[in-house]
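# Structural features, examined
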Amino acid sequence: MSNIDPVPGYQTHDRSARSDRSVRQQAATRRTALAVCTVADVAAGLLGLWILLFLLDANQANVFVEFVRGTADRLAWWARDIFTMDTEGLRVALNYGLPAVMYLLIGHGIAARLNRA
């Protein structure tokens, strides 16, 4: 008989297996948080790039500019025409800048919450 076993013949729980599972779970949570941050940053970056291309009067017929504009339109569908300014540059900056800020705040907030858990 062993003095360590509470009941002879039964398996004891290995604490290192539990801590290993906890470490793996924390790593998975951190990877998920990083993915959420990355998606939010890319979305905000594309919106910011469209604002910059618009303000610099980029060639609208260029394939890259068309791609950035189309992607920005899909990302900012919910915020389009919230602000109706007479100045076209200010209107684009506000209507595409608001979703960019919201994506950053929400994405990084979710990632922070995941890292805290």
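The structure this text deals with has already been given above.
As the structure is a prediction and not an experimental result, all values here were calculated from the model.

## Comments concerning helix α3 (residues 88-116)
Over its 29 residues, α3 runs 42 Å from end to end, which matches the ideal 42 Å to within 8%, given 1.5 Å per residue. Of all bends in α3, the biggest is about 25 degrees, found at Gly97, and the proline Pro99 comes one to four residues later. Taken residue by residue, α3 has Gly89, Arg91, Val92, Asn95, Tyr96, Gly97, Pro99, Ala100, Gly107 and Ala111 as its buried positions.

## Describing the environment of Trp78
Mapped onto the elements of the fold, Trp78 is located in the loop between α2 (63-75) and α3. A C-alpha to C-alpha distance of 9.5 Å links Trp78 and Asn95, two positions 17 residues apart in sequence. Excluding its chain neighbours within four sequence positions, the residues that come into contact with Trp78 are Leu98, Pro99, Met102 and Tyr103. Among the polar contacts made by the side chain of Trp78, one reaches the side chain of Tyr103 at a distance of 3.5 Å.

## Quick look at the nonpolar core
For soluble globular proteins, nonpolar side chains are generally found buried alongside one another. Within the largest apolar cluster, 16 residues are counted, with the highest numbers of intra-cluster contacts made by Leu47, Trp50, Leu53, Val65, Ala72, Leu75 and Tyr96. Within the residue set of this core, elements represented by two or more residues are α1 (15-55), α2 and α3. For this core, the element with the most residues is α1, which contributes seven residues. With residues near it in sequence (within four places) discarded, Leu53 still touches Ala58, Phe64, Val65 and Val68.

Definitions and cut-offs
Residues numbered from 1 in each chain as written. Predicted model: local features only at pLDDT ≥ 70, side-chain atom pairs only at ≥ 80, totals over all residues. Heavy atoms only, no water. Helix = DSSP H or I, 4+ residues; strand = E, 2+ residues; numbered from the N terminus. Expected span 1.5 Å × (residues − 1). Bend = angle between axes of the 7 residues up to and from the residue. Buried < 20%, exposed > 50% of the residue type's maximum accessible area, 1.4 Å probe, protein only. Contact = heavy atoms within 4.5 Å. Polar contact = N/O pair within 3.5 Å; in protein donor to acceptor, adjacent residues only side chain to side chain. Core = buried A, V, L, I, M, F, W, Y, C linked by side-chain atoms within 4.5 Å.

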